[in-house]
Amino acid sequence: MSATETTTRRGWVLPLCWTAVLLDGFDLVVLGTVLPVLLAGHIWGLTPATATLISTVGLVGMTFGAMLIGTVTDLIGRRRAVIISVITFSTFTLLCAFAPSAPIFGLLRLLAGIGLGGCLPTAITLTSEHYARTGKASTATTVIMTGYHVGAMATALLGILFIKTLGWQALFVFGALPCLVLVPLMIRYLPDSPVTAEAKPTLRAAIATLFSGKLVWRTIAFWVTSFLGLILVYGLNTWLPEIMRQAGYELGAALGLLLTLNFGGVIGLLVAGYVADRIGISRSTISWFAVGAVFLALLSVNIPAVGLYIAVFLAGGFVFSAQVLVYAYVTRTYPSHARATGLGWTAGVGRIGAICGPLIGGALLTAGIAYPWGFYIFAAIALFAAIAVSTVGGTTVKEPVRQ
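Bear in mind the structure is a predicted one, so any value in this text is a computation, not a measurement. (Residues numbered from 1 in each chain as written. Predicted model: local features only at pLDDT ≥ 70, side-chain atom pairs only at ≥ 80, totals over all residues. Heavy atoms only, no water.)

Within the protein one finds 14 helices and zero strands. Starting at the N terminus, the α and β elements of the protein follow one another as α-α-α-α-α-α-α-α-α-α-α-α-α-α. A compact globule built from 403 residues should have a C-alpha radius of gyration of about 22 Å, and the protein, at 20 Å, falls within 12% of that. Each of the three principal axes of the protein carries a C-alpha extent, and together these read 60 × 45 × 35 Å. The proportion of buried residues among the 403 residues of the protein is 54%. Once local pairs closer than 6 in sequence are excluded, the contacts in the protein between residues at least 24 apart make up 85%. With the model as given, the accessible surface of the protein reaches about 16,300 Å², and the carbon-plus-sulfur share is 72%. In the protein, the 22 positive side-chain charges and the 11 negative ones have mean positions that sit 5 Å from each other. (Helix = DSSP H or I, 4+ residues; strand = E, 2+ residues; numbered from the N terminus. Rg over C-alpha atoms; globule rule 2.2 N^0.38 Å. Buried < 20%, exposed > 50% of the residue type's maximum accessible area, 1.4 Å probe, protein only. Contact = heavy atoms within 4.5 Å. Areas by Shrake-Rupley, 256 points an atom, 1.4 Å probe, with all protein chains shown as cover. Lys, Arg positive; Asp, Glu negative; His and termini not counted. Charge placed at Lys NZ, Arg CZ, Asp CG, Glu CD.)

Tracing the chain through its elements places T142 in helix α5 (residues 137–166). Residue classification places T142 among the buried residues on the basis of a relative accessible area of 0%. Among the polar contacts made by the side chain of T142, one reaches the main-chain carbonyl oxygen of L269 at a distance of 3.0 Å. Those residues within four positions of T142 in sequence are excluded, and the remaining contacts are L269, G273, V324 and L325. (Polar contact = N/O pair within 3.5 Å; in protein donor to acceptor, adjacent residues only side chain to side chain.)

Bringing a nonpolar patch on the surface into the picture now. Together, L177, L180, V181, L185 and Y189 make up a nonpolar patch on the protein surface, roughly 450 Å² of accessible area in all. Positionally, Y189 belongs in helix α7 (residues 179–189). (Patch = residues over 30% accessible without salt bridge, like charges linked within 9 Å, V, L, I, M, F, W, Y side chains within 5 Å. Salt bridge = Lys/Arg side-chain N within 4 Å of Asp/Glu carboxyl O.)

Its location among the elements puts T346 in helix α13 (residues 339–367). Taking relative accessible area as the criterion, T346 reaches 0% and is therefore assigned buried. Of the polar contacts made by the side chain of T346, one reaches the backbone oxygen of G342; its length is 2.8 Å. Not counting chain neighbours up to four residues away, the residues in contact with T346 comprise F222, W223, S226, V326 and V330.

Its 29 residues place the ends of helix α2 (residues 48–76) 40 Å apart at the C-alpha level, agreeing with the 42 Å of an ideal helix rising 1.5 Å per residue. G77 sits one or two residues past α2 and shows a positive phi near 105°. (Expected span 1.5 Å × (residues − 1).)

Under the definition given, this model contains three salt bridges. Measuring nitrogen to oxygen at the nearest pair gives 2.7 Å for the salt bridge that ties R78 to E129. In this pair, R78 is assigned in helix α3 (residues 78–96) and E129 in helix α4 (residues 102–130), connecting sequence segments 51 residues apart. Assigned by exposure class, R78 and E129 land together as buried. A salt bridge links R339 to E129; its shortest N-O distance comes to 2.5 Å. With R339 in helix α13 and E129 in helix α4, the pair connects residues that are 210 residues apart, well separated along the chain. A residue is classified by how much of its surface remains accessible, and R339, at 7% relative accessible area, is buried. Relative accessible area serves as the criterion here: at 2%, E129 is assigned to the buried category. What emerges from the salt-bridge pattern is a single network uniting R78, E129 and R339.

Dropping the structure here:
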């Protein structure tokens, strides 16, 4: 294949995988958007406890999906796995619009979660391998993750515009329909990974690689870091508005801070990838968590409004992108035959942190100490994440890539 053909094929990878992650972000946030409507309308007799269970079941599905599809990806190929993931979560998301009861709705969210969990690590692995020799692998990875935030914001916007007129079911339809365009484009234009491998690994060999030699400690370090990182992402996204209300801010201002937090995450992703490609993935990941800890601690201080918004913006910029740098770091550490497995398991273990984050915030709110102690605890978690990832080391696997 000529250099021009290779560049043309690579040109499809970023937009197609970015769109897949956008739908992933849309689908992941859609439940939080419709739950207030389901609860207010007493749909299926839904209670807060049942709603919490449904939310948790979805995260369990993502944990299982990340580990399962991430591992299978190393056996069947990145391209096929990401297409299967998109079809899976889109299909079950569409069926959610027609769920006749809360148990069926929860089951559909569990099954959609399997596809959601597999989409992200597969898309990141495929993209990073295509950009490995361009010197922009970290940038490509963080750009991919901006799709998640765009999808989340699109969910909120569509909810504002259409829930009252079309009903909550419309959001699940909106989240599924793009699959009808995306999947054919992927089948036609998305190239598989350019990484060459002597032979397809067995399932046992792919998993065993994660625990062989020096990789065993790196695997554990990545798991711990991802667990802590997703505690921060989900804990802050879930409880920041309520914590700021406890601090005395009006609801409008608290929601504005949540928007600022996520906008900071988008900008932070773009900056983090650029920096990581220049100073190294190890140093940038450690620094991002450490600086994020500083700004999280700063949120506990009563500072003027402008300063508060700046601090929240920077906290989101460093904390959210630090977690994505962990994913980029993983793709530089494992050999090709176990790369998607390593990333899938790292993301899967991290999903346990995604469950724990809201629980920690809820416990602090129940105890009445969320402000300022919530920010102290989140800052400590970010600091521990910096320490954990610093133990991975800077040596990464270098392999030939076919151009």
